[in-house]
Amino acid sequence: MKKILTITAMLLSCAAFCFAMGGSETASTEAQRVVTTVNSATYTNEEWFNKMNEDFEKETGIHVHVDPVPGDEMEYVNKINIDLLAGSDVDIIETLGPKNYSRRIEAGFFAPLDDLVSKAEAEELYGVNLPVEDDGFFYALPFKQEMYCVFYNKNLFDEAGVAYPEGPWTWDEYVETAQKISNPKKGIYGSFMNADLPWLYMPAQQLEVSFYKEDGTCNFDAPEFREAAEWFKYVSNELQIQPTVETLEGENANWNYYALEGYRLAMFPQGNWFTRLLNSEVDYPKDWKYGIAPLPSAGENGNNNLVSLGYVSMNKNAAHPEEALIYLEWLAENQWKYEGGIPAFATMTEEQQNLAFGAIAEASNGQITVEDLYENLINTGMGTASSDIVGTASAEYYNIVKEELIAFNMDIQSIDQTISNIVSRVNEAIANAE
């Protein structure tokens, strides 16, 4: 498949790399049922991860053999892809985010689950989070989800005499709220969206405008992307309700900027994982309290929150398919409890809400509650849209769009030139990947 040419290139450059998995493990554990998996080396040092696998073995009698993969996130993903391409018989693969998952699906790495797992029961349990492909099959179960929301500084709202934000609301209302609090002379901004995706074109993402035309080429010349890009620049440069991209680039303001500078930033759209930073008084001490609101909508047709899912799949060459299926279903239903994440279930019981959000609420020391988290992340009445660009040459697509939109926001080039550059560069990347 042409899509995996980039993986093939990595294979040629890393031919010596190989995991000790599958068959060799079977030979040494003939008296015990076993399932094999690979995970980032940092995972294997986590107490929750080891406790999870110990509990699975106690419950099922199946030993989990884990091969740790050293390196950062990109190296970890690439090494697994290389091994799968080479025909590894490891049983279970976890994939974070729809972008990496889509690549592995197109590469044909996973076994379809339709004949192994009841599709009707899976759809009832996971709802729209069940990743059914165009061929009608599903090749994974989702084991966690990360939802987007708006964090806000309660102190700044109180000082300005402005009511705390709550949903449902729109981006127009978000802007109106930010204007009431912004005071550039004092360095206080009503909003902060870092110079990254998806913020640089947020409303179009919620409208689920396809990044690709029907013929597979770049669709970033769709009017919704242009309007969204112009909107972001307008609220930053003209309305000045948030720091300009030029300011953010100069200060190297990445995703933890809000945790460091949040005392002067009223609202910050981001994923729920950001609570870990806001609750970390050791690394990010602060003298202000935060709250949480749902993500604004882009209108009636853009009433979608952004979500990033984690998926667990069975290798099509799995050495222990029976044990792999048991582990796969168990992980999908239980890993979130150990990891401290949010399950990808269609609905959550009160007990599950407390399990998912109790530790976060407790760590906030009263700033947010379990009910706050559930109502503003899950029970929003919104649909869901992928937070990633998913498709051919998606990584290149992402980098090109970010680079060109930053240039536009810094007045280096016009919107027409920006769109033209994105389309031509992305189409070249797509052609090279095919």
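Residues numbered from 1 in each chain as written. Predicted model: local features only at pLDDT ≥ 70, side-chain atom pairs only at ≥ 80, totals over all residues. Heavy atoms only, no water.

Draft legend 1. Expanded view of empty space enclosed by the protein. Counted by the stated rule, this structure contains one cavity of 30 Å³ or more. For the largest cavity, the calculated volume is near 30 Å³. Residue assignment for the lining of the largest cavity shows that the elements contributing at least two residues are β1 (34-40), β3 (92-96) and α15 (321-339). Taken together, the residues of the lining of the largest cavity sort by class into four nonpolar, two polar and one charged. (1 Å grid on protein atoms, 1.4 Å probe; cavity = no way out; pocket = protein on both sides within 12 Å on 5 of 7 lines; lining within 4 Å. Points joined across faces, edges and corners; volume = space filled by probe spheres on them. Helix = DSSP H or I, 4+ residues; strand = E, 2+ residues; numbered from the N terminus. Nonpolar A, V, L, I, M, F, W, Y, C, P; charged D, E, K, R; others polar.)

Draft legend 2. Region of interest: unusual backbone geometry. The omega angle of the peptide bond from glycine 167 to proline 168 is 0°, so this bond is cis rather than trans. As for its position among the elements, proline 168 is in the loop between α8 (154-160) and α9 (171-181). Of note, the amide linkage connecting leucine 197 to proline 198 takes the cis form, showing an omega dihedral of 10°. Structurally, the position occupied by proline 198 is in the loop between α9 and α10 (202-206). Phi at alanine 393 is positive, roughly 55°, even though this residue is not glycine. Assignment of secondary structure puts alanine 393 in the loop between β8 (383-386) and α18 (394-409).

Draft legend 3. Region of interest: the packing of aromatic side chains. The full count for this structure, using the stated rule, is 29 aromatic pairs. For the ring pair tyrosine 212 and tyrosine 397, a centre distance of 5.4 Å and an interplane angle of 75° mean the geometry is edge-to-face. Remark: tyrosine 397 occurs in helix α18 and tyrosine 212 occurs in the loop between α10 and α11 (223-238); sequence separation between them is 185 residues. Like tyrosine 212, the residue tyrosine 397 is buried in the burial classification. (Phe/Tyr/Trp six-rings, centres within 6.5 Å; stacked < 30°, edge-to-face > 60°. Buried < 20%, exposed > 50% of the residue type's maximum accessible area, 1.4 Å probe, protein only.)

Draft legend 4. Region of interest: helix α6 (residues 98-106). All of the buried residues along α6 are Pro98, Asn100, Tyr101, Ser102, Arg104 and Ile105. On the buried face of α6, the contacting elements are α5 (73-85), β3, β7 (304-314) and β8. Backbone geometry just after α6 places glycine 108 at a positive phi near 75°. (Contact = heavy atoms within 4.5 Å.)

Draft legend 5. Structural view of the packing of helix α16 (residues 350-363) against helix α17 (residues 370-378). Between α16 and α17, whose axes approach to 8 Å, the crossing angle comes to 115°. Considering the relative orientation of α16 and α17, their crossing is right-handed. Contacts between α16 and α17 pair Gln353, Asn354, Phe357, Gly358, Ile360 and Ala361 from the former with Val370, Leu373, Tyr374, Leu377 and Ile378 from the latter. Class assignment for the residues of the contact of α16 with α17 results in eight nonpolar, three polar and no charged. (Axes fitted to C-alpha atoms, helices over the stretch in contact; angles between N-to-C directions. Left-handed = near helix turned anticlockwise from the far one by under 90°.)

Draft legend 6. Molecular detail of the nonpolar core. Among the nonpolar cores identified, the biggest contains 137 residues, and Leu141, Tyr201, Phe220 and Phe357 are the most heavily contacted of them. Excluding residues that lie within four positions of it along the chain, phenylalanine 357 makes contacts with Ile342, Met348, Val370, Leu373, Tyr374, Leu377 and Ile378. (Core = buried A, V, L, I, M, F, W, Y, C linked by side-chain atoms within 4.5 Å.)

Draft legend 7. Inspection of the pairing of β7 at higher detail. Counting buried positions along β7 gives eleven out of eleven residues, so the element sits mostly inside the fold. Where β3 meets β7, five bridges bridge the pair, whose relative direction is antiparallel. Bridging across to β7, isoleucine 93 finds its partner in serine 313. Where strand β4 (residues 141-153) and β7 come together, six bridges link them in antiparallel fashion. Paired with methionine 147 across the two strands is valine 307, which belongs to β7. Sheet topology note: the β7/β8 ladder contains four bridges and is parallel. Bridge pairing links asparagine 305 to threonine 384 in β8. (Pairing = 2+ DSSP bridges.)

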